[in-house]
Amino acid sequence: MDQLVRADVRRPAGLGRFGEYGGRFVPEALVPACEEVERAFTEAWHDPEFRAELRHLLAVYVGRPTPLTPAVRLSAELGITLLLKREDLTHTGSHKINNVLGQALLARRMGKRRLIAETGAGQHGVATATAGALLGLDVTVFMGERDIERQELNVFRMKMLGAEVVPVSAGSRTLKDATSEAFRYWVTVVDDSYYCLGSALGPHPYPWMVRELQRVIGDEARAQCEAGVPDFVVACVGGGSNAAGTFAGFLDTPARLVGVEAAGGAAISAGSPGVLHGFRSKVLQDAHGQILEAHSISAGLDYPGVGPEHAYLAETGRATYVTADDTEVVAATHRLARAEGILCALESAHAVAWVLRAAADGTIPAGSTVVLTLSGRGDKDMATLMELS
Ligand SMILES: Cc1ncc(COP(=O)(O)O)c(C=O)c1O
């Protein structure tokens, strides 16, 4: 199945190019900083001691490997075999910690004393605050005011862990604006601070580095599929880190890869090529190239762009991207909870919603095996769900 894998999907060419996507579109002041991160990560990723320390922390601190749980009752209802990759069971409650621990170890290795991060749902902020506490690094997190309102619990968690949370009042007051502000701030403190980006996006080397740090999800899941390669591999897509990490484990197999975007933040399904936050990809924009606001019930998918590797996988046809809307996402959250006793994050519920729909309409044929990455747990979303009910 090697023809399914282009070498540049595994390792981007040049300045982080995935076909026409990716690259490094940053102000001059940040070029040396990105180059420093690229050099440091390339060295670290080839250093067995760095890999061993990360592997050790993932085992004894994060709780890896996470299980691949058969969703027994839901499988019976749908006529398929549904296997859930349980990132919701990691320490801090989402896949974000896999990426953050790797980057925090890298920051320490580079001699930085502070981590800067952006966050939407708050999960990446919590993971960064956690890693900062663990490794003795200061943490500053930028978060849109609207997200601060809807993710109050995670804001409190970050503060408990010693992080400074900086509210962002610009624009839509969500993830896009928090990311812009974090980049702006990084320029001013670049000498002693490391920008710990939360998804597989941003300027090179971030999309590649974050994919590599998240590939543990896909590699583990593949090894855990006792019955062989599944027919479908499904994950939700915000910036695209849990999906990129999941897909990485299955790119060289015949498995159909499906990324599920929020209907109101569907950069691949409804966007066009453009530049945002230092990289070229598919983005939601108007005829003048002005970035449009995304809308999703889940703060983590409320982003008008998507990681460049996904734009490329979509264009080459290796992965398919679909959408789920808020109503079916809430319904899917309830159905999974009742059938399996698992309250997942609203982000992850997008993947569940598509599987429910696709199994019902035959897009997923009866008898298929489906691996679905459950990227996070739902505690942070209980207030939103309570309001709705
Ligand atoms: C639980 C959860 N899943 C998914 C996402 C989306 O991010 P990504 O597409 O990078 O995996 C987020 C983002 O905050 C999240 O908290």
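Numbering of residues begins from 1 in every chain and follows the order in which that chain's sequence is written. Since the coordinates come from a predicted model, pLDDT governs what is reported: local features require at least 70, and pairs of side-chain atoms require 80 or more to be given and counted, while whole-chain, interface and lining totals use all residues. Values reported for side chains reflect all heavy atoms of the structure, with hydrogen atoms and water molecules removed beforehand.

Right, let's talk about the confidence of the model for the protein for a bit. Confidence per residue, as judged by the predictor, is encoded in pLDDT with a range of 0 to 100. For the protein, the mean per-residue pLDDT works out to 95, and 97% of the residues sit at or above 70. In this model, residues 1-9 is a region of pLDDT below 50 whose contacts with residues beyond four sequence positions or in other chains number 24 contacts. Between two residues, a contact is recorded if the distance between any of their heavy atoms is within 4.5 Å.

By definition, the strands of a sheet pair up through backbone hydrogen bonds, in either a parallel or an antiparallel sense. Strands sit in the order 3-4-14-9-10-13 across an open sheet of six strands; the sheet is mixed. Bordering the open sheet on either side are strand 3 (68-70) and strand 13 (319-324), each of which pairs with just one other strand. Here the strands of the sheet are splayed against their neighbours by 25 degrees on average, with no regard to which way each runs. Note: strand 4 (residues 81-86) against strand 14 (residues 369-374), six bridges, orientation parallel. Counterpart to Leu84 in the pairing with strand 14 is Leu372. Note on geometry: axes are lines fitted to C-alpha atoms, helical ones only across the stretch in contact, with angles between N-to-C directions running from 0 to 180 degrees. Think of it this way: any DSSP run of H or I at least four residues long counts as a helix, any run of E at least two long counts as a strand, and we number them from the N terminus. Helix-sheet contacts for helix 11 (residues 241-248) involve strand 9 (232-237), strand 10 (256-262), strand 13 and strand 14, and the interaxial angle to strand 9 is about 160 degrees. Sitting on the sheet, helix 14 (residues 326-340) is in contact with strand 3, strand 4, strand 13 and strand 14, with an inclination near 95 degrees to strand 13. Pairing between strands is defined by DSSP: at least two bridges between them are needed.

Stacked, edge-to-face and tilted are the three classes for Phe, Tyr and Trp ring pairs, Trp counted by its six-membered ring, which pair at centre distances within 6.5 Å; planes under 30 degrees apart are stacked, over 60 edge-to-face, the rest tilted. Scanning all chains against the criterion turns up seven aromatic pairs. Each ring, one from Phe41 and one from Trp208, has its centre 5.2 Å from the other, and the planes form 80 degrees; the classification is edge-to-face. Of this pair, Phe41 sits in helix 2 (residues 31-45) while Trp208 sits in helix 10 (residues 206-224), and the two are 167 residues apart along the sequence. Both residues of the pair, Phe41 and Trp208, count as buried. Through a chain of ring-to-ring contacts, three or more aromatic side chains come together here, namely Phe183, Trp186, Tyr195 and Tyr206. In this scheme, the term charge over a ring applies when either NZ of a lysine or CZ of an arginine sits within 6 Å of the ring centre and within 35 degrees of the ring normal. Sitting over the ring of Trp45, Arg51 keeps its end group 3.7 Å from the ring centre. Here's how the labels work: a residue is buried when its accessible area is under 20% of the maximum for its type, exposed when over 50%, partly exposed in between, all with a 1.4 Å probe on protein chains only.

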